[in-house]
Amino acid sequence: MSKIAYINNKFIKFNNAKVHIEDRGLQFADSVYEVIVIFNQKLIDFDFHIKRLKYSLKELDIKYKINKKLLKKIFFILIKKNKTINGIIY
């Protein structure tokens, strides 16, 4: 299992990652997620997943701007911090 998570613009211990009780996604189930495979420390089909994520957000009318470059950087930091060779990122 992962040891480090990224939440609220910070890398934190996985066990300390929490969602606030008033989070809209928690209260009303407004959510979208993607699962990206990591194989040999590489993100598989990253661009496809971002495209699908944007589509899903649009379909639910969730306004969110995705910075692909920053997201990819965050993912690679998570891969490094967790020493992940093969796995997944939600």
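Above: the structure in question.
Notes on the structure follow. (Residues numbered from 1 in each chain as written. Predicted model: local features only at pLDDT ≥ 70, side-chain atom pairs only at ≥ 80, totals over all residues. Heavy atoms only, no water.)

When you line up the elements, Lys 68 lands in helix α3 (residues 68–81). The partly exposed category is assigned to Lys 68, whose relative accessible area is 34%. Sequence separation of Lys 68 and Phe 46 is 22 residues, and the distance between their C-alpha atoms is 9.1 Å. Contact partners of Lys 68, with chain neighbours within four places excluded, come to Phe 46, Asp 47 and Ile 50. A distance of 3.0 Å separates the side chain of Lys 68 from the side chain of Asp 47, its partner in a polar contact. (Helix = DSSP H or I, 4+ residues; strand = E, 2+ residues; numbered from the N terminus. Buried < 20%, exposed > 50% of the residue type's maximum accessible area, 1.4 Å probe, protein only. Contact = heavy atoms within 4.5 Å. Polar contact = N/O pair within 3.5 Å; in protein donor to acceptor, adjacent residues only side chain to side chain.)

To continue, consider the pairing of strand β3 (residues 36–39). Here β3 shows a buried face lined by Ile 36 and Ile 38 and an unburied face lined by Val 37 and Phe 39. Bridge count between β3 and strand β5 (residues 87–89): three bridges; the pairing is antiparallel. Each residue of the ladder has a partner; that of Ile 36, found in β5, is Ile 89. Direction of pairing for β3 relative to strand β4 (residues 42–43): antiparallel, over a ladder of two bridges. Residue pairing across strands places Phe 39 opposite Lys 42, the latter belonging to β4. In sequence, β3 turns back onto β4 through a hairpin of two residues, with Asn 40 there showing a positive phi of about 50°. (Pairing = 2+ DSSP bridges.)

Turning our attention to the packing of aromatic side chains. What the rule picks out here adds up to three aromatic pairs. Where Phe 46 meets Phe 75, the ring centres are 6.1 Å apart and the plane angle is 85°; that geometry is what we call edge-to-face. Of the two residues, Phe 46 is situated in helix α2 (residues 46–59) and Phe 75 in helix α3; the sequence distance between them amounts to 29 residues. A residue is classified by how much of its surface remains accessible, and Phe 46, at 5% relative accessible area, is buried. Over the ring of Phe 11 we find Lys 81; its NZ or CZ atom is 5.6 Å from the centre of that ring. (Phe/Tyr/Trp six-rings, centres within 6.5 Å; stacked < 30°, edge-to-face > 60°. Lys NZ or Arg CZ within 6 Å of the ring centre and 35° of its normal.)

With that out of the way, let us pick up a nonpolar patch on the surface. A cluster of nonpolar residues, Tyr 33, Val 37, Phe 39, Ile 44, Ile 88 and Tyr 90, forms a patch on the protein surface that exposes about 650 Å² of accessible area. Position of Tyr 33 relative to the elements: it lies in the loop between α1 (24–28) and β3. Overall, Tyr 33 belongs to the exposed group, its relative accessible area being 57%. (Patch = residues over 30% accessible without salt bridge, like charges linked within 9 Å, V, L, I, M, F, W, Y side chains within 5 Å. Areas by Shrake-Rupley, 256 points an atom, 1.4 Å probe, with all protein chains shown as cover. Salt bridge = Lys/Arg side-chain N within 4 Å of Asp/Glu carboxyl O.)

Attention now goes to the side chain of Asn 82. Looking at the secondary structure, you find Asn 82 in the loop between α3 and β5. According to the relative accessible area criterion, Asn 82 is buried, its value standing at 16%. Reaching out from Asn 82, the side chain makes a polar contact with the backbone nitrogen of Ile 4 at a distance of 2.8 Å.

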